[in-house]
Structure formats: C-alpha cells, structure tokens
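Given next are the chains, with one letter for each unit.
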Amino acid sequence: MGSPILPNASNFLGVALVVNRSRDGPRFVFHYPPQILPCNKNASANGPSDGLEDDDDVLLNQTARAPFEAANESLPNSVDLQRWNHDDHLETDSGSQIVPWEHVAGYPTKDLESLLTPARAYHKKLFQVSLDQLCFVSYPIYVPENGIWRKKQPKFQPPKSPETGDLSTKDGQTYISASDVSQIETRDMADDAIPGNPAEEADEKKSGMTMFNLVFILNPKKHEVKELADTLYFHIIKKINKPFRYSQQKSDFVWKESKRILTLKDKNREAKTKMSTLWKEILETSSLAACMQDVYEAVSHNKIAALQLETPEGTITHSVQIPMPFYLTDLPPDDEAGSRGLWITTANYFVDEDSLHDPAFLDKNFALLLMSDEKKIIAELQADPDETTAAMVEFVRLSKPTMSFHQIGQGTALSPAQVREYAQHFIFWRRAIATPPLHARDVYILSPNSDFTLLPQASRAWSRAFPVAPALPDFLAELSVAPRPYKWFCPSKNHRPTYLQMLAWLMRGGWVTQLCTFAYVVVWPEILYEVEYSLEAEELRAAAAAADAPRNGNGEGSEDDAADSDESLEEPVSTMASPSPGEGTQQFDPMTSSNPSLGSPFPAFDPTAAHSPLSASEPAKSLSLSLSLPSPAQGPISPSSASPSASTPTTRTPPTTNERVAEKARLERIADKESRLAAERAAAFARKPVPRQTDHPSLNSAAHLAHLSPYVIVDARRASAAGKDSLYLSAIGRRLRDPAVRAAWPVFWKHFNGRSALERVALLQDVKRKEAWALLGGMSEFLVCVRHW
Amino acid sequence: MIQGIFYARFLPQEGTKIVAQSPPGCIVATTYTPHLKPPLVDFDIIQEYIIPRKAFFNRFMTVNSPDGKYSILGFPVSIPSEQYHRNEFIFNFGLVVEADVDQIPYERLVRRLAVTFAEMERQNGYLSADGGVDEDGRRPIESLLEIVKEDLNNYGECMIPVDEANTLNMKLFPYHPPPPPVHGWHVPVPKMKLGDIVDPTWDLTLQKIIPHIDGVNDVRRIAWLADVSLPLTRCALQHLLYYDTVLLLDMFFFGSCYAPRPGVHDFIANRDELVDECAGYVCVVGNKPGGPGDSGCGSGGGGQDGTGSHDVRGRSAVADDDGNSNSKREATSTTAAAAGRVGGAGGGGTGTAVTKYQLIKLMTTFCVGRSVMEWIKLHQDAGFDVLRYIDVRRLVQFGVIKGLLYRVHKYVVSKQYLSLLATGKRVVESQEGEGDDDESQRLVRYTDGCHSFDQIITEQNMTDADICNKLKSFKPGDLTIFYR
C-alpha cells in the first residue's frame with residue numbers, strides 16, 4: 001500500500017529538447033530549468049540507507065574513474081569548478097571555454113545529445129535510459145519514412161483531420177478550443193489549394209530535422225523509478241507530444257523554434273552571455289521554450305500544465321495532468337506527506353457496482369463543490385469561449401454544494417445529461433469535487449487528514465473570507481471536540497447561509513469531513529430462536545407428511561411449489577408464535593397430524609408444498625438440527641437418494657423373488673427406524689419452550705435464549721434475497737409495531753450494509769430528512785451502528 | 001529472471017562486439033546457432049548503450065528495448081593504460097531482464113561483475129589475454145557467464161571461482177524502501193519474539209533495547225530503561241522497522257480518544273476470522289495467581305491458527321512482561337494512567353467468554369469525542385463491565401494494528417503564534433530548540449498545530465495535566481485545543 005509516487009522538485013529535475021538532423025547530426029536544443037545539477041553519487045541524496053554504495057563503488061571510484069576523469073583535460077582545475085555558479089562562462093587552463101548551458105545534470109550536452117537521439121525503432125515508443133541515479137524518459141518522434149513532416153492532405157477533405165479529431169475534446173482530456181481548430185483548419189485549406197512546391201520539400205528533406213525528442217530528466221529514489229517513469233509517460237509525456245507533432249506537421253514549428261533557439265545559443269556563446277540572461281531571452285522569444293517551462297513548473301508541482309504553442313497558423317492549446325484523486329478513503333500512514341489535506345470520505349468508495357452504473361443514484365448522492373471562487377471559474381470559462389461556454393457558466397452559477405445534481409437537473413436550464421457531463425469535466429480539471437450535498441443537520445468533524453502545516457496561512461485566508469466569523473482555529477477546535485449537527489454551531493437561523501458557505505470553504509480545504517453513521521442489522525436471540533423453532537416445526541411436519549406421501553403416491557415435490565416456498569415458510573412463522581403451548585404441541589406432533597389434509601389447519605401445508613422448501617432451499621438443510629440428526633425427510637422419499645433400485649432399474653437384472661422379499665423387509669426396517677427417529681425428534685421438539693414475543697427482543701434474557709448470542713447480518717440487502725437471513729429480516733419486520741416503520745423496513749434494509757450512510761437514506765429514498773430519521777429511529781433496536789467518515 | 005547475460009568489448013578496429021553471451025544468440029545470432037530463436041534485442045539499436053560515449057563510462061546504465069519487453073543493464077568500464085592499443089581497454093558485462101521486473105536487485109550484480117573483471121584485468125590482464133577457446137570450442141568466459149546466469153536464476157546466488165585468486169560471489173537481495181522515521185512518542189510492538197532470535201553477535205544497542213520492546217514502552221522510555229541515547233535507540237528501531245519486525249503504535253492512555261476507520265467493516269463482517277483473533281488476544285481469562293498484571297492471553301494468542309495472526313502471536317510473547325512494565329510505569333509516574341489499570345482488571349475475572357457480538361459492540365462504540373475512559377463508563381452503565389472481561393489496552397491496540405481504529409490526537413494551537421508564522425515574523429524552529437529558560441516559552445513552539453500532546457509529553461517529560469497547567473500561563477483565549 002502507499003500513495004502514488006508523483007513528480008516533485010526533488011525527483012523531477014527538468015525537461016530537455018533534443019533534435020536530430022539528417023546532415024548535421026543531433027543537437028541539444030533547450031532544457032529547463034536552466035541549472036540541472038548533477039546528482040552527486042556519494043552525497044546525501046542517496047543516503048547511507050541506499051545500501052548499494054558498498055565497497056564495489058569504492059573500488060571503482062578509486063581505480064577506474066579517477067584516472068579517467070584526469071584524462072579529460074577539458075575541465076578546469078577543481079577549485080574553480082566547485083565555485084562555479086553555473087551561470088558564467090569559465091575558461092580552462094588549456095584555453096577552452098566552458099559554457100554553462102553545455103552541461104546538464106553533470107554531463108556535457110555534446111554527449112547527452114547523442115545518447116538521447118535513439119534509433120527510429122523507438123519512434124512513438126517509450127525510450128528510457130538511465131545513468132546511475134539519473135533517468136531519462138521520452139517518446140521520440142521521427143519524421144515519416146518519406147522524410148517529409150508535412151502531411152499530404154487530399155483536397156476537399158472534410159475539415160476534421162484525424163489529428164484534430166484526436167486533439168479536440170475527447171472525454172475532456174485533451175482540449176483545443178474550437179476557435180483555434182477552425183483557425184488552423186482554414187489555413188490548412190488555403191495551403192492545400194496551392195500545391196506544395198516540390199523544390200521546397202526537397203530542401204526540407206535535406207536540411208531538416210529527422211526527429212525530435214522531448215526528454216524528461218528524473219532523479220527518482222531507487223524504489224520510485226518504475227512507477228514515476230510510468231506515471232509520467234502515460235499521463236504527460238505521451239500526451240504532450242501530440243501538440244508538438246501536430247504543430248511540426250502543420251507548420252514545421254518544432255524545427256523552426258529549435259533553429260531560433262540554437263542560433264541564439266550560438267551567438268551568445270561567443271558573447272559569453274550569462275546563462276540567466278540568455279534563458280530569459282529564449283523564454284521570451286520562443287513559445288516552445290516557454291511551453292517547456294510551463295510543463296516543468298506545472299508537472300513538478302503536480303498541477304495542470306496548460307500549453308500554448310504560438311504557431312504561425314494560430315495558437316495551439318493543450319492541457320495535460322496526472323489525474324489526482326480528490327479524496328481518500330482511509331488514513332494514510334503517518335509518514336506520507338503527499339496525501340495530507342485531501343478530503344477523506346467513503347462516499348464514493350462504498351458505492352457498489354450496481355449503483356455505480358445507475359446515474360440516478362450518483363445524481364442524488366452528490367453535489368458539486370467548486371474548488372475556487374465562482375467568479376474566477378466563470379472568468380476562466382469566458383476567457384476561452386466556445387459553444388458550450390454559456391451552458392457551463394450557467395451550470396457554475398446554479399451549482400451549490402447544498403444541491404444534488406439531481407436537483408440541478410430538475411431545473412429548466414440544463415438537462416441531467418449536461419449536468420453530469422459538465423460536472424465530470426470540472427472534476428477532471430480539478431475545478432470542483434463531488435461531495436454529498438452539505439446540510440446543516442449533518443455532522444461534520446475536523447478531518448483526521450487535515451494538513452495543519454497550512455493552518456497559519458489558512459487562518460489568514462479564513463479571516464479575510466469570513467471577517468465576522470470565529471477564528472479558524474477556534475471554529476475547528478469546536479468542531480473537533482464532540483460530533484454535533486453542524487447547525488449547533490450556527491448562532492441563529494439567519495446565519496445559516498453564511499455558515500454553510502463556511503462549511504463549503506472548510507470542505508474545499510479538506511479541513512472537515514462528514515461523520516456518517518453506518519448500520520448493520522442485528523438479530524437478537526429471541527428472533528433467532530423464533531425462526532429456528534418455526535423452521536424445525538416446519539421440518540417435522542414435512543417429515544410426517546413425507547412419511548405418508550409414498551402411500552398416497554404423491555411423493556415428489558413439483559417444481560412449481562418451490563416458488564411458493566418462501567411464503568409458505570413465512571406464514572407459519574407469523575402464526576405459529578402466538579398459539580398457546582398446548583395447542584402448539586398438538587398441532588405439530590407428527591403422530592396426531594399424520595394425515596396432513598386433516599391435521600393441518602393451513603391449506604398451504606399439503607405434503608408437496610411442505611416438502612419442497614426443505615429439499616429446494618439450501619439454508620433449510622444447513623440447519624443445525626437437521627445436520628445433527630439424520631433427516632428423515634431425506635431417506636425414503638427424496639428421489640435421488642431414496643431407493644437405488646428405483647433410480648437405476650434398467651441396468652440391473654430383474655431381482656429374484658427372494659431378493660424382492662429381502663429388499664422389502666429391509667425397506668420396512670428402514671422405514672421403522674425412520675419413524676422411530678422422527679417420533680423421538682418430535683418429542684424432543686415438543687419439550688422445547690415455545691417462542692414468546694417480548695416488546696424488546698434486545699432485552700429478553702429468558703433462560704432458553706442464554707446459549708444464543710446476537711447475530712449481525714453484514715449485508716441486509718444481499719441477505720434478503722435468500723437463506724435464513726431473509727427469514728430473520730422478515731421476522732424482525734413483523735416485530736416493528738409502527739405500521740409506517742414496518743412498511744419502510746423492507747425498503748430501508750438495503751442501506752443496512754455498513755457501506756451506505758444513514759445520513760443519505762433520505763436523499764436516496766426521496767423522503768424528508770425528519771421522516772427518514774424517525775423511521776430509522778423506529779428500527780434502531782435492530783441495528784448496530786458505527787460512525788466514521 | 002535473467003533472460004540473457006553478455007560480455008561486450010570495444011575493439012579499435014571492429015567497434016562494439018559481443019564476445020560472449022548466454023544463452024547463445026540472446027544478443028547477436030552466432031554462426032554456431034543459426035537454428036535458435038532470434039536475439040532478444042536488436043544489437044544494432046542498443047549497441048550505442050552497451051559501449052556508449054566516453055562521458056558515460058564507469059556508470060551503471062540501463063536502456064529499454066524498443067518493443068518495451070526487455071531492459072538491458074550494463075556497466076561500461078574503461079581501463080586506461082598504455083599497454084593497450086589506443087591506450088584504453090573498454091568492456092561491459094551486461095544483463096537482459098524483462099522490463100517489468102524489479103531491476104534493483106540486478107544493479108548490484110552488474111556492478112559486481114564490472115568491478116571483479118576490471119580488477120582481474122588490472123591484475124593479470126585476464127580479459128585482454130583471453131584469446132583461446134577450450135575443447136568445446138567455447139571461450140571459458142562464456143561457460144562462466146552461463147553458470148552465473150543459471151545459478152542466479154535458480155538459487156538467487158552464485159559463488160564461482162574464476163581463477164586461483166578470484167571468486168565471483170553474488171546474491172540477489174530484495175530492496176526495501178527506507179523505513180519511516182521513529183519518534184520518541186512511538187510505541188514499538190514486536191512482530192516476533194525478538195528475545196529468542198537475538199544472539200551476542202548482534203549490534204550492542206539492539207541487544208540492549210530488545211528486552212524493553214514490549215508493546216507498552218514508548219521509544220523514549222526504552223532509551224531510558226536500556227540506558228541508550230534516544231537517537232541511537234531510534235536508529236536501532238529503524239533497523240527493526242526496515243526488516244518489518246516491529247510495528248509503531250501510539251502511546252496508550254485511558255484519557256485519549258480512538259475512533260473507527262472504514263476498516264471496522266471487516267471486523268463486523270468477521271473477515272478472516274478477525275473477531276475470533278481479537279477474542280483470543282483481548283479477553284481476560286481468569287486470574288492466575290502469578291500476578292495481577294498477567295492478563296493471561298499468552299495461551300489464547302498462541303493457540304491461534306497460523307494465518308494472519310503474526311502480530312498477535314508476537315504480542316503474546318510479551319504478555320508476561322506486561323506486569324513488570326506496568327509497575328515500572330507507575331513507579332516512574334509520568335504516564336501512570338496508561339496500562340496500569342489493566343493490572344487491576346483481571347481481579348474479578350470469571351473466565352466467561354465474551355461473545356462476538358459484544359466485541360463488535362465494543363469496537364463500534366469508539367467514537368470521535370469519546371475517550372477510552374468514557375467508553376468504559378458507557379459500557380459499565382449499559383451493564384457490561386468491560387474491565388472484567390477485556391484487556392482494554394490490547395483491544396485498542398488490536399484495533400489500531402488492524403486498521404479498525406485510529407488515535408484521535410490532541411493538539412494545542414496558539415492563534416498569536418499562528419499569525420506570527422503566517423506573516424513570516426517567526427519561522428518554525430528546529431526540533432532541538434535552544435532550551436528557553438521559560439517553560440511556557442518552551443511550549444510555544446508546539447502550538448502550531450503540528451505537534452501532538454504525545455510529542456510534548458515525551459519531549460518535555462510532562463504529563464497531560466502538567467502541560468495543561470503550564471498552558472494556563474498563556475494569554476487567555478489565545479489557545480485552543482484540537483482533537484484530530
């Protein structure tokens with residue numbers, strides 16, 4: 001377990017662009033940040049705990065490397081080198097010049113450029129090379145085999161080329177604003193109208209670039225390498241190359257920018273310009289360089305990188321990010337700083353499979369909580385308008401953290417589908433999170449995952465946002481002392497809206513989380529006994545009936561009866577508990593009720609119906625009683641095990657008379673034994689105390705219940721489908737005295753699975769909060785609750 | 001699994017050349033083995049990374065194959081000497097492994113191969129003199145590589161004499177990330193009977209502290225009891241943590257508060273017989289005459305089935321220590337409230353088994369804002385005398401270890417101090433403050449909300465009540481207490 005390994009300033013050193021040219025070979029174009037320092041092997045970066053710095057390295061360092069480096073005379077004396085600020089140019093004793101930008105991560109760019117221009121086999125594939133701790137990850141892009149970047153487009157092609165199709169909104173993941181696309185496309189059409197100059201193409205072929213490679217330079221810890229490289233590769237590196245390749249294909253953008261940067265570098269090499277000055281100039285003049293800067297700054301802080309490539313054919317915008325969960329389901333280990341401050345909740349996690357695909361469920365359960373100011377988001381939307389902007393702005397205006405998507409979708413402005421789509425869009429781009437709708441009656445506590453290192457800044461921001469509210473530390477402290485409904489903290493009803501805004505503010509910062517109640521059904525011994533008792537009675541009756549059945553020639557339970565089994569089982573449970581003891585024993589004594597049609601007062605109890613639930617339903621067989629005694633119902637009648645001779649008569653030779661007699665005697669003996677056993681069981685059963693219903697089953701401490709301990713049904717909804725648990729549930733249902741509660745019981749029990757919070761029952765069932773809580777209160781005797789987020 | 005192992009040289013005339021490889025044909029096809037599978041990688045593409053440019057010599061170097069299936073691990077070595085043609089001898093011993101396996105264990109091997117052969121070359125020109133082939137028509141180095149590969153793949157280690165003086169000793173070690181820091185207020189809980197496996201060859205500090213690791217003592221106390229400095233103790237415990245032999249918990253106080261985590265669902269569902277395991281661990285079974293502190297769970301815990309009860313069994317080993325440590329704790333008084341009460345608990349034990357439902361009820365009634373003391377009271381009022389049946393400390397620790405409960409820590413925050421921090425007028429001082437003379441001044445640096453009471457208790461050697469008293473000297477209304 002552990003939180004995902006994400007890029008940060010210590011493991012993500014920089015980005016670099018390397019190109020290869022057909023004639024002049026590879027060139028290291030640009031890197032950002034300007035100073036990528038070597039990660040010195042023996043320094044604390046690796047730490048003594050790394051374990052790999054053993055004698056082997058000592059040996060190598062002494063013997064192999066020292067002479068090798070001495071041989072490299074292009075370096076100035078070490079004192080100078082140590083004092084070097086990596087900004088000025090240095091001169092070696094031999095007169096050669098050391099240019100600050102020609103050393104990246106401790107290696108000369110001359111060497112790196114050849115290392116980082118791999119063969120065509122790596123075209124659009126992961127290329128990962130590592131040097132000691134350093135790791136270079138990239139996705140090289142090669143020129144098409146014909147040597148021409150520009151894509152030949154057939155005339156009168158429909159405006160959407162496959163490339164733009166790729167780039168425009170797909171799941172909201174990659175996004176070029178519509179205006180840009182159309183701008184580019186109109187130019188495209190114009191270009192295509194004039195047939196390409198073959199001479200120009202040939203020229204491009206000769207001098208042009210054969211590949212470019214945007215390299216991410218990493219310095220991961222030993223155990224991070226794979227995960228970090230994979231994360232960056234899938235979410236950033238692969239995606240970021242799309243606009244690069246697109247712009248190169250459209251307007252030779254990457255090469256033209258590279259040429260410009262390289263010229264600048266060459267000129268300033270002679271002028272011995274300070275690196276900081278040169279870099280400033282490059283970043284100002286080249287949107288490609290600026291874009292690399294943006295990528296580095298955003299990715300190393302794990303933000304969304306918004307690229308802007310100012311190609312001559314219009315601006316290409318593109319956004320990439322490593323998707324971040326906006327919530328956690330459980331506390332991270334103490335030492336993991338990365339996920340501190342994230343909202344902690346199980347609201348999303350415990351959504352089970354079925355409801356996940358039910359949009360209505362999600363709609364009702366969640367509201368949109370904007371992560372920044374509404375005005376700011378609207379401004380952002382309007383800054384980059386397209387046909388959906390108006391609707392999105394409307395959506396932002398309508399969205400309130402107290403209103404579920406369902407409620408927003410009910411309005412006239414937006415359809416539920418739009419609400420869903422925009423909400424997903426905002427959540428993906430980290431402008432909002434989905435939370436259960438905030439409500440003043442719910443309980444909110446100080447989040448155990450809140451990040452207190454942010455407290456000083458946060459309390460300032462808080463007092464600016466809510467000048468008259470209590471100070472943030474005081475307010476949080478109050479919330480943390482004991483869980484209470486949020487409205488308790490609100491001085492009066494007039495303050496409610498402000499206090500809900502405060503709550504939204506706290507939720508956004510991950511300072512608070514909702515304390516929810518999760519329930520399970522508990523079956524008290526009284527109920528256990530009652531169900532047990534009725535099942536046993538049932539079984540005995542079935543046995544008695546079955547004993548008669550062969551004689552009546554009516555032995556086999558038909559399939560149709562199985563369907564009724566549940567009702568036929570439930571019925572006796574309800575009626576049976578009430579009769580007086582004397583009556584009860586009379587009724588269920590198999591001796592007296594041997595003729596079922598006479599003995600049984602219930603029509604449902606004809607032998608076939610009574611028999612079928614036992615053989616058809618597994619749980620009945622697994623009764624402790626039927627397991628401890630050989631079940632008489634199983635022996636003679638059940639068609640499979642009853643008489644082997646009956647089931648496989650054709651394969652045998654016809655039995656002789658003697659055999660037949662012997663067989664008959666044997667069967668009789670078995671039957672005798674069976675009936676004797678049945679009688680014994682019935683007698684034992686008759687001695688058991690008859691279940692009595694008390695007002696509070698949880699308090700019933702009768703002696704015959706002492707050996708039973710309460711039983712918890714983990715998932716009532718699943719349990720209600722079949723098995724003994726379903727009998728318990730319906731038995732409990734009959735105990736609920738209030739008719740409203742009794743009616744709600746089978747509807748509500750699906751929430752008693754320890755996964756769905758009772759706070760959300762009202763939302764899901766579309767009833768008033770108060771009503772829901774009143775109903776739940778009526779059921780509370782049969783629930784065991786636990787409270788967490 | 002090592003898919004291939006090779007020895008490459010840079011020859012002045014021919015360029016990079018694979019001199020030996022195992023299995024044959026894994027890097028380049030050979031004339032002897034044309035019928036074999038095609039090479040794993042395209043040599044023409046990767047040769048640049050086997051013998052790279054000069055700047056990259058003497059470094060561990062890896063590259064993936066274009067198809068993403070394999071990684072090539074190597075360590076190009078250059079030995080400069082006038083005796084060689086062009087004054088340099090360049091070689092690389094490398095491995096080919098699947099791209100998705102953990103490469104960390106192989107890095108050592110590659111480094112070791114490079115070092116050993118570089119040294120042998122320097123001693124007697126082992127590599128440069130190698131020209132002959134043995135009777136099978138193979139170079140001795142090729143058979144050597146084959147043995148290395150086979151041994152490492154089959155046994156995870158190899159010990160192969162190369163000549164009279166040199167042996168290749170290599171082993172694949174799993175890599176563990178560095179353990180989290182150990183703090184003075186942590187309570188280490190052994191996962192195994194450390195006392196049984198320790199022997200006189202172990203580190204002296206470890207030998208001294210191990211007897212005091214009993215799941216009750218906090219790190220600072222262990223240091224004090226073992227007469228070892230705190231930093232050394234922490235370092236030693238980090239070693240135990242690295243090998244996953246201890247767990248770190250919080251200090252147990254009856255006044256502190258615990259609350260359920262979502263993991264409590266597993267307990268209620270009794271997944272992996274969690275409740276039964278808990279019962280075996282926490283139930284007080286009778287009171288032995290041996291001592292009131294002996295909660296007698298040794299047998300219960302030890303009798304658990306083998307699956308998933310490591311910590312419990314480890315813990316039962318220390319059960320007998322509890323009595324002693326409790327009395328010590330009371331004698332030294334700072335945290336007397338902690339486990340001491342448990343000692344009295346066994347007094348009236350009747351040996352009645354606690355039902356699963358009761359355990360579930362106990363576990364689920366922990367709540368934010370309810371201290372352990374209040375929790376006990378709650379159950380006593382409901383007619384269940386917890387202390388008679390349950391070792392509360394063990395129940396809580398069981399919950400924390402299994403991720404069912406979390407400790408709600410107590411923090412103190414000074415608004416004044418916060419605003420100083422926010423405006424940058426005061427920076428967060430280093431942990432080892434320069435010992436202000438005024439006690440309340442000493443406490444100020446804890447009031448930024450990042451230091452729990454546990455930390456103050458251990459670092460300042462004060463009890464909870466002491467701290468609260470001291471805090472009274474702050475400006476009224478400035479301090480707030482958080483529970484998080």
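Residues numbered from 1 in each chain as written. Chains lettered and ligands numbered in written order. Predicted model: local features only at pLDDT ≥ 70, side-chain atom pairs only at ≥ 80, totals over all residues.

- Going by an unreviewed UniProt entry, chain B carries the name Uu.00g025240.m01.CDS01 and comes from Anthostomella pinea.
- In its Sequence similarities (unreviewed entry) section, UniProt records this for chain B: "Belongs to the NPR2 family." (UniProt positions renumbered as here; feature names shortened; annotations may be inferred.)

- As annotated in an unreviewed UniProt entry, chain A carries the name Nitrogen permease regulator 3 and comes from Anthostomella pinea.
- Recorded in UniProt under Function (unreviewed entry), the annotation for chain A is "Mediates inactivation of the TORC1 complex in response to amino acid starvation. Required for meiotic nuclear division."
- Turning to chain A, the UniProt annotation filed under Subcellular location (unreviewed entry) states: "Vacuole membrane".

**Some thoughts on the overall build of chain A**
- Helix and strand counts for chain A come out as 33 helices and 21 strands.
- Within chain A, buried positions represent 37% of all 789 residues.
- A separation threshold of at least 6 residues defines the contact pool for chain A, and within that pool the share at least 24 residues apart is 73%. (Helix = DSSP H or I, 4+ residues; strand = E, 2+ residues; numbered from the N terminus. Buried ≥ 20, exposed ≤ 12 C-beta atoms within 10 Å, placed from the backbone. Contact = placed C-beta atoms within 7 Å.)

**A closer look at the overall build of chain B**
- Within chain B one finds 21 helices and 15 strands.
- Counting the 484 residues in chain B, one finds 43% classified as buried.
- Long-range contacts, defined as pairs at least 24 residues apart, comprise 63% of the intrachain contacts of chain B with a sequence gap of at least 6.

**What about the sheet that holds strand S15 (residues 479–483) of chain B?**
All names here are of chain B.
- Read across the open sheet, the three strands follow the order S14-S13-S15; overall the sheet is antiparallel. The outermost strands of the open sheet, each flanked by one partner alone, are strand S14 (448–452) and S15. Recorded for the sheet is a direction-independent mean angle of 30° between the axes of neighbouring strands.
- Here strand S13 (residues 410–414) pairs with S14 via two bridges, running antiparallel. (Pairing = 2+ DSSP bridges. Axes fitted to C-alpha atoms, helices over the stretch in contact; angles between N-to-C directions.)

**What about the packing of helix H17 (residues 455–465) of chain A against helix H18 (residues 415–423) of chain B?**
- For the pair H17 of chain A and H18 of chain B, the least separation of the axes is 8 Å and the interaxial angle reads 95°. Here H18 of chain B runs roughly perpendicular to H17 of chain A, going by the angle between their axes. When H17 of chain A is examined against H18 of chain B, the residues Leu455, Pro456, Gln457, Ser459 and Arg460 of chain A are found in contact with a partner set consisting of Leu418, Leu421 and Ala422 of chain B.
- Residues of the contact of H17 of chain A with H18 of chain B, tallied by class, amount to five nonpolar, two polar and one charged. (Parallel < 35°, antiparallel > 145°, perpendicular 65-115°, else oblique. Nonpolar A, V, L, I, M, F, W, Y, C, P; charged D, E, K, R; others polar.)

**Digging into helix H14 (residues 356–364) of chain B**
- Among the nine residues in H14 of chain B, seven count as buried, and that is most of the element.
- Three or more residues of H14 of chain B are buried, namely Lys356, Leu359, Ile360, Lys361, Leu362, Met363 and Thr364 of chain B.

**A look at unusual backbone geometry**
- The amide bond that connects Tyr32 of chain A to the next residue, Pro33 of chain A, takes the cis arrangement and shows omega of -5°.
- The topology assignment puts Pro33 of chain A in the loop between strand S2 (25–32) and helix H1 (55–71).
- At the junction of Ser22 of chain B and Pro23 of chain B, the peptide bond is cis and its omega measures out at -5° in the coordinates.
- Residue position: Pro23 of chain B is located in the loop between strand S2 (15–22) and helix H1 (43–50).
- Positive phi, normally seen in glycine, also occurs at Asn302 of chain A, with a value near 55°.
- By the secondary structure assignment, Asn302 of chain A is in the loop between helix H10 (287–300) and strand S11 (305–311).
- Positioned with a positive phi, Asn87 of chain B is a non-glycine residue whose angle comes to about 60°.

**Comments concerning the interface of chain B and chain A**
- Every contact between the two is made by 66 residues of chain B and, on the other side, 67 residues of chain A.
- Ranked by residue count, the leading element in the side of chain B that touches chain A is helix H2 (residues 104–124) of chain B, at eight residues.
- Where strand S7 (residues 127–131) of chain A and strand S3 (residues 61–64) of chain B come together, three bridges link them in antiparallel fashion. Looking at S3 of chain B, one finds that Ser130 of chain A is bridged to Thr62 of chain B.

**Comments concerning the nonpolar core**
- Formed by 168 residues in total, the largest nonpolar core has its most connected members in Tyr520 and Val521 of chain A together with Ile390 of chain B.
- For this core, the leading source of residues is helix H20 (residues 525–552) of chain A, giving 13 residues.
- In terms of nonpolar packing, the next biggest core, distinct from the first, is built from 111 residues, Val29 and Leu134 of chain A together with Leu73 and Leu113 of chain B among them. (Core = buried A, V, L, I, M, F, W, Y, C linked by C-beta atoms within 7 Å.)

**What to know about the sheet that holds strand S21 (residues 783–788) of chain A**
- The three strands are arranged S20-S19-S21 (chain A) in an open sheet whose pairing can be described as antiparallel. Where the open sheet ends on each side, the last strands, each with one partner, are strand S20 (711–713) and S21 of chain A. Between one strand axis and the next, the sheet turns through 40° on average, direction left out of account.
- For strand S19 (residues 516–523) of chain A and S21 of chain A, the ladder comprises six bridges, and the chain directions are antiparallel. Directly across from Phe518 of chain A, in S21 of chain A, lies its bridge partner Val786 of chain A.
- Against the sheet, H14 of chain B contacts S20 and S21 of chain A, and its axis sits at roughly 35° relative to S21 of chain A.

**A short note on the confidence of the model for chain A**
All names here are of chain A.
- Of all residues in chain A, 70% have pLDDT values of 70 or greater, and the mean over the chain is 73.
- In this model, residues 62–76 is a region of pLDDT below 50 whose contacts with residues beyond four sequence positions or in other chains number 22 contacts.
- Predicted confidence for residues 154–196 stays below pLDDT 50, and this span has 46 contacts to residues more than four positions away or in other chains. (pLDDT = per-residue confidence, 0-100.)

**A few points about the environment of Pro476 of chain B**
- Mapped onto the elements of the fold, Pro476 of chain B is located in the loop between helix H21 (464–471) and S15.
- Pro476 of chain B sits 335 residues away from Ile141 of chain B along the chain, and the two C-alpha atoms are 81 Å apart.

**Overview of H18 of chain B**
All names here are of chain B.
- Within the sequence span of H18, burial applies to Tyr417, Leu418 and Leu421. Looking straight down H18, one finds that the buried residues subtend no more than 100° of arc, so they occupy a single side.
- Looking one or two residues beyond H18, the residue adopting positive phi is Gly424, at roughly 80°. (Arc of directions from axis to C-beta.)

**Notes on the packing of helix H31 (residues 739–748) of chain A against helix H33 (residues 769–779) of chain A**
Residues and elements named next belong to chain A.
- In the contact formed by H31 and H33, the axes pass within 9 Å of each other and the chain directions differ by 90°. Our classification of the angle between H31 and H33 gives roughly perpendicular. Note on element contacts: H33 touches H31 through Leu775, Gly778 and Met779, opposite Ala740, Val741, Ala744, Trp745 and Phe748.
- When grouped by side-chain class, the residues that make up the contact of H31 with H33 number seven nonpolar, one polar and no charged.

**A word on the confidence of the model for chain B**
Residue and element names in this part refer to chain B.
- Of all residues in chain B, 79% attain a pLDDT of 70 or more, and the chain-wide mean is 79.
- Confidence drops under a pLDDT of 50 for residues 430–436, and excluding neighbours within four residues, the segment shows four contacts in the predicted structure.
- Model confidence for the complex: the whole-complex pTM is 0.74, and ipTM, which rates the interface, is 0.77.

**As for the UniProt feature "domain: GATOR1 complex protein NPRL3 C-terminal HTH" (unreviewed entry) in chain A**
- Those places that UniProt annotates as "domain: GATOR1 complex protein NPRL3 C-terminal HTH" (unreviewed entry) correspond, in this numbering, to residues 726–784 of chain A.
- Secondary structure content for residues 726–784 of chain A is 61% helix and 3% strand, and the end C-alpha separation is 18 Å.

**Observations concerning the environment of Trp462 of chain A**
- Looking at the element boundaries, Trp462 of chain A is found in helix H17.
- Counting along the chain gives 13 residues from Trp462 of chain A to Asn449 of chain A, while the straight-line C-alpha distance between them is 19 Å.

**Some points on the pairing of strand S6 (residues 88–98) of chain B**
All names here are of chain B.
- Burial analysis of S6 places nine of its 11 residues in the buried class, the great majority of the element.
- Relative to S6, strand S1 (residues 2–11) is paired through eight bridges, and the arrangement is antiparallel. Across the sheet, residue Phe10 finds its bridge partner in S6, namely Ile90.
- Judged from the four bridges that link them, strand S5 (residues 77–80) and S6 form a sheet pairing that is antiparallel. Counterpart to Val77 in the pairing with S6 is Phe91.

**Brief notes about the environment of Phe136 of chain A**
- Here Phe136 of chain A shows up in strand S8 (residues 134–138).
- Sequence-distant contacts of Phe136 of chain A, defined by excluding residues within four places in its chain, comprise Leu116, Gln128, Val129, Val215 and Ile217 of chain A.

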